[in-house]
Amino acid sequence: MNKRQIVITEDGSSTLELIGMDEHFHSMHGAIQESKHIFIQNGLQQKAKEKSTIRIFEMGFGTGLNAVLSLLFAKENDLQIDYFSIEAYPLELELVQKLNFTEQLDLSKEQTNSFQKLHLCAWNLPTEIQACFFLEKRNVKLEELILESDSFDLVYFDAFNPDLQPELWTEEIFRKIYLAMTSGGILMTYSAKGKVKRAFKAAGFVLNALPGPPGKREITQAIKI
Ligand SMILES: C[S@@+](CC[C@H](N)C(=O)[O-])C[C@H]1O[C@@H](n2cnc3c(N)ncnc32)[C@H](O)[C@@H]1O
């Protein structure tokens, strides 16, 4: 799980490959394109129509791409974001430094500093990255995580493929997340597999099948009614 190497996706942005496992942190059709489409446009942008203070839970901090895109969106749209992200296998800084998001997103000096701070800040301690964005990243496995109930307005469920980690895509895990979400909360994920959708429904979610980014026909938006 922690033998990883940098690869470049079709939109020019970098991602990581799990060596020998044919698994990537993002779509090979475009890492930035995928994250923006699934998590920002169909998740954060939708929630921001209702609220300006938003609590996000991310499963899988990884490269910090979803986090930095959320921070940029918060700044542009006058939002206040409280971002809680978990990661079982934190990246080595040497790999983080090889990611090309700062160039691909054309980040200013201040934004680049914020991206670095997302990675350099301490684990298991809430940290102000910018006034509009607080991060707590926790070094824990999803299976062992205990979540407060009624806490999160938005969830980025960004685990590896259900074929690789079926234990993370179960009704039991989804139920734990459902209970941690506020009513009207939105969960976004890239998977639209039948088995995954059945587990979401069994956990109580109502599902919307949405068009995916290039290379993916469908993605899943799960709502806590
Ligand atoms: C698809 S990648 C996430 C990509 C990430 N959101 C990003 O923008 O780079 C899945 C992430 O989940 C982490 N992970 C794998 N198993 C886990 C577990 N049991 N609990 C928590 N994190 C896990 C991996 O190390 C990896 O960083």
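Look above for the structure.
Definitions and limits used
Residues numbered from 1 in each chain as written. Predicted model: local features only at pLDDT ≥ 70, side-chain atom pairs only at ≥ 80, totals over all residues. Helix = DSSP H or I, 4+ residues; strand = E, 2+ residues; numbered from the N terminus. Rg over C-alpha atoms; globule rule 2.2 N^0.38 Å. Buried ≥ 20, exposed ≤ 12 C-beta atoms within 10 Å, placed from the backbone. Contact = placed C-beta atoms within 7 Å. Near = placed C-beta within 6 Å. Nonpolar A, V, L, I, M, F, W, Y, C, P; charged D, E, K, R; others polar. Core = buried A, V, L, I, M, F, W, Y, C linked by C-beta atoms within 7 Å. Expected span 1.5 Å × (residues − 1). Arc of directions from axis to C-beta. Pairing = 2+ DSSP bridges. Axes fitted to C-alpha atoms, helices over the stretch in contact; angles between N-to-C directions.

Student: I keep staring at the overall build of the protein and nothing clicks. Help me out?
Tutor: In terms of helices and strands, the protein carries seven helices and 11 strands. Computed over its C-alpha atoms, the radius of gyration of the protein comes to 16 Å, within 12% of the 17 Å expected for a compact globule of 225 residues. A principal-axis box enclosing the C-alpha atoms of the protein has dimensions of 45 × 40 × 30 Å. Taking all 225 residues of the protein together, the buried fraction comes to 37%. Residue pairs at least 24 apart in sequence account for 65% of intrachain contacts in the protein once pairs closer than 6 positions are excluded.

Student: Help me out: how do you make sense of the site of the ligand in this one?
Tutor: Close to the ligand lie 18 residues; G60, G62, T63, L65 and A88 are nearest. For the shell around the ligand, the per-class residue count stands at nine nonpolar, five polar and four charged.

Student: Just to check I follow, could you spell out the nonpolar core for this structure?
Tutor: Among the nonpolar cores identified, the biggest contains 49 residues, and I56, V155 and L187 are the most heavily contacted of them. Not counting residues within four places of it along the chain, the set of residues in contact with L187 comprises V155, F157, I177, F205 and A222.

Student: Please clarify how unusual backbone geometry should be interpreted in this entry.
Tutor: What you tend to see is this: most non-glycine residues have negative phi, and most peptide bonds are trans. For D22, which is not glycine, the phi dihedral falls at a positive 50°. Residue placement: D22 occurs in the loop between strand 2 (14-18) and strand 3 (23-24). A tally of 9 C-beta atoms within 10 Å means that D22 is categorised as exposed. One non-glycine residue, D106, adopts positive backbone phi at about 55°. In this fold, D106 is placed in the loop between helix 4 (101-104) and helix 5 (109-120).

Student: Would you explain helix 5 in this entry?
Tutor: For an α-helix the count is 3.6 residues per turn, leaving residues at separations of three or four pointing the same way. Over its 12 residues, helix 5 runs 16 Å from end to end, which matches the ideal 16 Å to within 8%, given 1.5 Å per residue. When helix 5 is considered as a whole, its buried residues turn out to be S114, F115 and L118. An end-on view of helix 5 places all buried positions within 100° of arc, on one side of the element. Projecting away from the buried face of helix 5 at angles above 90 degrees are the exposed residues K109, E110 and L120.

Student: What is the right way to look at the sheet that holds strand 10 (residues 206-211) in this model?
Tutor: Whenever strands of a sheet pair, they do so through backbone hydrogen bonds, lying parallel or antiparallel. Taken in spatial order, the eight strands make up an open sheet running 6-7-5-4-8-9-11-10, and their pairing is mixed. Strands with a single pairing partner mark the edges of an open sheet, and in this sheet they are strand 6 (127-130) and strand 10. Neighbour to neighbour, the strand axes of the sheet diverge by 25° on average, direction disregarded. Across the sheet, helix 1 (residues 31-47) lies against strand 4 (53-59), strand 8 (152-157), strand 9 (181-189), strand 10 and strand 11 (218-223), angled at about 165° from strand 9, the strand it touches most.

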